[in-house]
Structure formats: C-alpha cells, structure tokens
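An overview of the molecular structure
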Amino acid sequence: MRQHEVFGLAIARIIREKSEAGQLTEHEDILAQLIGQSLLKSEDGNQRPHFEALLRETVEKNEDLKEISGRDGISHYYSAQSLSEPYARILIQKKENPLSLMAEIVRENSAIYPRPVPLDIFMESPFDLTQQEILDCLKKMAGQKEFRDIAQTATSIGTIFLYSTQHLEPDYASSLAEWLDVGQLNNP
Amino acid sequence: MTKIGGWTGKVLRIDLSTGRISTEDTIEKYKDYLGGTGIGYKVIWDEVPTGTMPFDPTNKIIFGVGPLAGTGAPCNGRTAVTTLWPTCWPKPLVASGHMGGQFAAELKYAGYDATIIEGKADHPVWLSIEDGQVGIRDARHLWGQGIRRTTVEISQEIGAEAAVAAIGQAGENLIPMSVVMNSFSHSAGGVGAVLGSKNLKAIGVRGTGSVRISGNKEEWEKLVKFHLSLLGANNQHVVPNTPQPWAEYYNTSSRWIASRGRRWEASSPAIETGTCEPHRLNRISYRTNNAAFYLGDGAWKYTVRGNGCTGCPIRCHTMIKVPQTAAKYGIPEVGQNTCGGLNFGRAFFKTFPDGPRGETAIEACMVGMHLADDLGIWCNYGQLQRDFIKLYYGGMIKKKLDEKEFKSYSWDKYEKGDPSFLFQLLPRIAFKEGELGTALGLGTGYMLEQWGIPEQEWTKDYNLLYWKMGHPKHHSNEDAGQCGVIINTQYNRDAQCHSHSNFTRNGLPIGVQKRLAAEIWGSPDAIDAVSAYSLMNIHKAKMAKWSLLRKELHDSLSLCNWMGPWVASPLKERGYRGDDSIESLLYSLATGDKKNHQELDQVAERIFLLHRALTIRDMGTKEMRTQHDTIPEWVFKDVSGKTPFTKGTIHMDKEDIEMAMDIYYEVMGWDKKTGAPSAATYHNFGLGKAAEELSKRGLLP
C-alpha cells in the first residue's frame, strides 16, 4: 500500500470513529492523532501542506466524509454514516454561541414540523445546558434584536415552550404546546 | 395454491353447557375472513341471534388469532376477542377487545386458529388446551381468586411456558368494566364478564408445535428483516425524541426515547440504551421506554427492562421496580404495562403532591397496576377515570351516595393525590360494592342511565373525551381532523384504530409527511398539520377508509395495529418511506395464498363490511348515519371561541363534517342518506347472504 493511501485510511478512520461517538473531528485533532500514530513527525513543518492535501483528497474520495465549519472558519469533519448534518450543525453552534444555537433550533422546529419546543430539551444531549444556563440565555436573548422573534408560551401544567414568531402565530404555538405537553399524554 | 401455511387449519369449539369439544376446518369455513376479528364477526353473524344479550348462554365469545400469529413476522402477538359488548349502550352490539402477550402464538403452537366458546358451565371451570388435548377443568378452587394467582396455579399444572388468559373477580362478578388478561399484563378490555357469565375462569394454553411458512424460507427471513428495518418505536414513531447523532429529525413527543446515557437503572447491572441507530436491528428493543415516556426521566431509575408480545421487538410493556411501594402499600415492587394500563391508577387523580410526573404519580401507577391487573378491571381507554373525576368534582358522587357510603371513602386522601385511596375504590368496583362501585363498573352509558344523567352532559364536555355508545374517542380530530372523526363514528366501542394516528404522530416534519401522504392517499392534502386543519377532501376520506381496513386487516392477521401500518420508516435512504404492502407480502409468503395489497385490503373490507352488517342487523335499523355514526357536540365547539379551520383549534365545522361523511360513504360504496352499505356492495365483497338477510329485515338502503 502506498504511503498516501495509508494516510487516507488513517484519516478516514479517525473521523469515522469520532462520528460514531457522536463528535466532530477538528482539523488539528486529525493532525495530532496522525502524529500520535507516528504517521507524521511533529517537528517536521514541511509535512503540513502534505497533510492538508491528503485530508482534502480523503474527504473528496469518501462520500460519507463531510466538512463543516462555523463562523470562525475552522474546519470540522464527520462521517455521514453515523452523524447527520443537522446534528453536526448543533455541535458546531454549541461551541460558538448557545444563544444562536437555541434560536436556530427553535426557528427550525417552528418552521418545519411545525411545533414549539420545551425548554428542557436544551438540557438533553447534545445541548447539555444547565437550567441556569438556559435561563441566562433567555435573559440575554430578550435584549437582543436578532432574537426578538423567539417567544415563550406556558402550558396548563406550567411547562415553558419556545417558538419563533416568524413561523408560528402565538395562539397556534400555545395550542400546539398544550397538545404536546398535556393533550398527547391524555390521548395515548 | 401451494401447501397452505400460516393457519393451523383447525378452529376449536367448546360448548360449556354440554361439555362438547369439537373442531372445524379453518380453511373451509373461515379463510375468507382470515382470522382474529374476521372469524369473530363471522361466528356472531352466523350463530348469535339478534336480541341476544352479552351474558346470555347463547352469546358466544371468540378468541381469534390470524395466520401470522406465532410466525416470525414482527408484532404478531395479537389475539382478538370478539363478542356482544356489555358496555355498548344503550344496546349491546358486536365489538372486539385485543390482547397482546403470548396467548396468540401459544394457541397456534397448540394447533388452533381460534377458540369459540359457547354455552354456560354449571360450575366454575377453566379450559385446558395442551396441544391436541383439550379439557374442561374444575375451577371452583380458583373462583374468587385474582388473575395473578389463577395464572400461577394453572401454570403450575400445565407448565411455566403456558399462556393463561384469566379473569379476575370483576369478571366473575359480571362487572361489564372487566378484562381478560394473559402474560401478566396483556388484557382485552370489556370481555371479562362475558367469560364470567359462562363460568369460565381461564383458558390455559400450551403448544409445542410450530407454524408452517409456505414460501421459501430464505425469502421469508429476508422479508422479516426488511419489516424489522421499517419499525420505529412504540406507535411507529420513526424519529427519536431528542437529537441523536444519526438522526436528521427528532420529535420531543416521540416514544423513541433511547439516547446515550439513558439507562435501565433497576437492571443489574444497569443497561444503557445507547443511541439506537435504526440499522442496528438488535437494538430495536431499547428504543421504547413507556414508563419514562409517561412519567418522565424519574422513571429511568426504576426501569428493569422492556417486556411485550411474541415476535415483537418493541417491548412496550415497560417493567419497573419501585422498591418503596412494597413497604408503603404492601404490594409487589415490580409492575409492567403500557399506556392505559400503566396509567390506570394515576389517571384517577387530578393532582399529586409532587406533580404529575413525581414519585407519588409513579406510586399511583404501581398501585393501580397491582389492583386493576389482578382484580381484572377495565379502564375503557381512560373513560373510567375521566368519569370518576367529573362525577367527584362535579358533586355528583356526593349527591348520589348516602352519607354512610360517602363517608366511607377518604376523599381528603383522594384530593391530595394519595395512591392508597385506590385500595378503597378499585375493589368496590370489582366486587360491585355500594352505589359508586356498582355504577362505575357498569361502563359510562349504563352508569349515566342509572344515575339519571343525560348523555348530552358527557357529549358536550371536551375534557371527558367521550364519543358515543358508552365509549370515548380514540384518536379522532385531535390527531387527524376529519379522518379521525370519520373513524370514530364507525365502531360500537372506542375505535381502537391507530392506522392514521401512527402516521400523523410519527414525528417527521409536515413536509415529509405530506410527501408520503401523496404517495399513499393520492394527495399531500390528505393530511394537515395538527390544529391547522383544512376543508374536507376525497383524499382524507381515502385515508380514513385505508386506516379502517388496515385496522381490521391487522386485527385479523394478528398484527399489532398499535404498531402498524408501516408506511413510514426511520430510514433516510428510503426518504422515510415504509412499505404499504408489507402485510400482503408477509401474508402471501406465510400462507401461500398470493395476494397483493389491494387484494388483501379487499378481504379486510369484507371483514369490515360484516361488522357493519352485524351492527345494522342488531340495531334493527339502516339509519346508521343518524343513529350510529354520531359525533359528540364537543367536536364542534372551541372553548376559546376559535372558528374551525383557524390555526390552533382541533374543532370541526358541522357542514364540513356532513360533507366528510358524504364523501366517506361514497368512497365505501355505501348509501349517503342512511350510511348503510347497498346490496351491491355486499355482493361485491362476497357477502350476498348477508345482503339477503338484511333485505328480509328491511335493512338495506
């Protein structure tokens, strides 16, 4: 097997294994792991362009391997065999800005299902926010123009749901929240 | 046809009055009705005269299973129990209850496709079916015992592998609100007292045979695997309830609640569900945890495992172990059930001290399961509990009970949400004790009649979810608008149809659902987003017809309509399509009787038509549209005043629903004015004799 094929297999394996664990792989992680596996030498700065080329080639050759980058432009990789694009997006946004992440999730749910989302979903994986962090996010959102479409509604048993007024009318959002929180359980 | 498979070929008939035990040829007599409810309706049509009452010895009760029971087909564990329905008000009519568990498969392995019970024993008996050996055995020592003890005693006699379908004290005492139950937690509601009226305590079945698959075995295995690949979680929810690495979509209301870090903590060692990627078929059983679905994350620490029916990887009867209940209430610390059974005790209470998903609510579930599943009480899809709440908080219980009886209940405990209150209430229902216990045991219609409460009080109250004839709605307009309404008009008890709701609740975005709907029912307009309903159209009627026929098909094949149909799937590479022909593929390979899905749906239509004919015959009127297919007032009223077709209301428009019924009757080939099938329709489906009989009685349109 030629050396660049060995590199290619190693890169693909690193990305796939992390995807199976539900994680993105950063560009620098791959480099570090290749060095750890003695496929690259850490002191050899000349190898970086070579690594960049191999990484690009590996991603191009393997249909399941995808690149995603956030606002900072840093590339992350994942395998679509075990990680979906929406999930990868959540992971990227989570790192950058939880406020934007929450808003995007709320907007997406309001637009495509359509439905409001309960606050406590953000305590679940992969969001993993604490209740306090969620409340802090909401407070911050309240003062920012870019989040003014994010609204709240409470059900008859007190559960708070979020929705986007860009996609759901307040009345409709309230009735959907009540259906999701109370109605469905009473109509199993 | 090649050598027949699927069916065993024999139907067992037991006359308890004479002790005669005989068999009939399934293929010769019942093949056109498949099995399950099909055999049940056929027997009632042929053999139970109009005017028979549920507890008359001339009434019959049929435990029917289908050609797929006991095969490797997924979700094949259903037994349909068909009889004249004691809670059907104001006049008992034909209906069926459906139990999962192991009874269906065991009956097949013992060599039978159905058991027809007729007559009445002169003393308590149980029926022993051990392969070809069938006996009517003395049950006097079991009479007065609960379901649990009865099951254990019979299992000790015929083997631990036996499936025992037993009634509790409620059935013995002829309480209409009673069940027959097998395999610890799998019940068919409403029929316990019919068995009690025949002095039949239980049926114990042990079979060591197998079910023959007619087709190529490799093809069969491939097909079963394909079907498994289409399964979602319970109720065919095809997306997880939180974002999972593999998932494109999620739905916070999904019963697919497995996730990394979620563990069955009462298992030793604790078992992590993992992310349950859909292609990992050996992880299907980890997707569903109905205890956690209903009771919240607090239930994970009590979860032992999932339990369920033969051939079903869904395991919707979640087993929970709640140690404090042993000391606190003196009941076993382990319980299992799903939906209505799991929530049986909890649903009586309006509030709990620690909220609807707190520890007390879980304890109420445990106490409720312990009592109801041993005494054999039926909840009528939660109507029993809703009635109770309405009667208590509406002051009707205080008004109807004498002071002594009223004070004999600890109402302070009830109002505080103390589960020990259930020890006062549930045994009195099972033993027909006092005014309250007796009334609640009658079922809603007869209870209202006995207490002089007009039915309209119930039909106008949305919170009661009451529909008609003593029974509630079961996935009506709240799930699928006009389609749900149509479906709920059709049966003589709650509709028990999930074909439509398992689609609308599958968790996929509305755009994906509409794309699939267009492929199945001819237009994306067959469905709407919840609470955003549009005007009636023919595609909604087609969906209603399809839903009803698939329900009857499943009930006759022994497939689970709480899981199917499988027209959506979790598979992204299939565009989330399922397969509309999975039932016919399984049927054809198993039996050797090759039918495509349209042909098999026609058989289902024959079965459904026979149910309609029976209803018309026994009601003695052809005016079904006005006298049977009725819709409660709450469907047309929104408490907040929203008009129909505005977003945020599930309420319907009267004129639109009239049009919906017109279109539905047309799609069915029934007379629009009366809602009765025409003679030609009966003839088209091989029911010419039924048409002749109805004609003689002036019951054709």
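In this text, all values refer to a predicted model and were calculated from it rather than measured experimentally.

About the cut-offs
Residues numbered from 1 in each chain as written. Chains lettered and ligands numbered in written order. Predicted model: local features only at pLDDT ≥ 70, side-chain atom pairs only at ≥ 80, totals over all residues. Domains from an automatic or database assignment. Contact = placed C-beta atoms within 7 Å. Helix = DSSP H or I, 4+ residues; strand = E, 2+ residues; numbered from the N terminus. Pairing = 2+ DSSP bridges. Axes fitted to C-alpha atoms, helices over the stretch in contact; angles between N-to-C directions. Nonpolar A, V, L, I, M, F, W, Y, C, P; charged D, E, K, R; others polar. Buried ≥ 20, exposed ≤ 12 C-beta atoms within 10 Å, placed from the backbone.

Moving on, we get to the domain arrangement of chain B. Residues and elements named next belong to chain B. Entries for chain B in the domain assignment read domain 1 (10-206), domain 2 (232-466) and domain 3 (473-696). Distance between the C-alpha centres of domain 1 and domain 3: 28 Å. With 35 residues of domain 1 in contact, the opposing surface of domain 3 contributes 30 residues. Of all the elements in the fold, those that place two or more residues in the side of domain 1 that touches domain 3 are α2 (36-47) and β5 (94-99).

Looking now at the sheet that holds strand β1 (residues 25-26) of chain A. Residue and element names in this part refer to chain A. Strand order in the open sheet formed by three strands is β1-β3-β2, and the pairing between neighbours is antiparallel. What marks the edges here is a single partner per strand, and that holds for β1 and β2 (65-69). For β1 and strand β3 (residues 75-79), the ladder comprises two bridges, and the chain directions are antiparallel. The residue of β3 that forms the bridge with T25 is Y77.

A few words now on the packing of helix α4 (residues 85-96) of chain A against helix α5 (residues 98-112) of chain A. All names here are of chain A. Direction vectors running N to C along α4 and α5 enclose 145°, while the axes themselves pass 6 Å from each other. Contacts between α4 and α5 involve I90, Q93, K94 and E96 from the former and P98, S100, L101 and E104 from the latter. Split by residue class, the contact of α4 with α5 holds three nonpolar, two polar and three charged.

Across the contact, 29 residues belong to chain A and 27 residues belong to chain B. If one sorts the elements of the side of chain A that touches chain B by residue count, helix α7 (residues 170-186) of chain A sits on top with nine residues. Classifying every residue of the side of chain A that touches chain B by side-chain character gives 18 nonpolar, eight polar and three charged.

Looking now at the pairing of strand β12 (residues 200-206) of chain B. Residue and element names in this part refer to chain B. Burial analysis of β12 places seven of its seven residues in the buried class, the great majority of the element. Sheet topology places strand β7 (residues 125-130) next to β12; six bridges connect them, and they run parallel. The residue bridging E130 from the neighbouring strand is R206, located in β12. In this structure, strand β9 (residues 163-167) lies alongside β12, joined through four bridges in antiparallel fashion. Across the sheet, the residue bridging to A166 is A202, located in β12.

Our next topic: the sheet that holds strand β16 (residues 317-321) of chain B. Residue and element names in this part refer to chain B. On the basis of which strands lie adjacent, the open sheet formed by three strands has the order β15-β16-β17 and antiparallel pairing. Strands with a single pairing partner mark the edges of an open sheet, and in this sheet they are β15 (303-307) and β17 (334-337). Strand after strand, the sheet turns through a mean of 20° between neighbouring axes, direction not considered. By the bridge criterion, four bridges tie β15 to β16 in an arrangement that is antiparallel. Looking at β16, one finds that T303 is bridged to I320.

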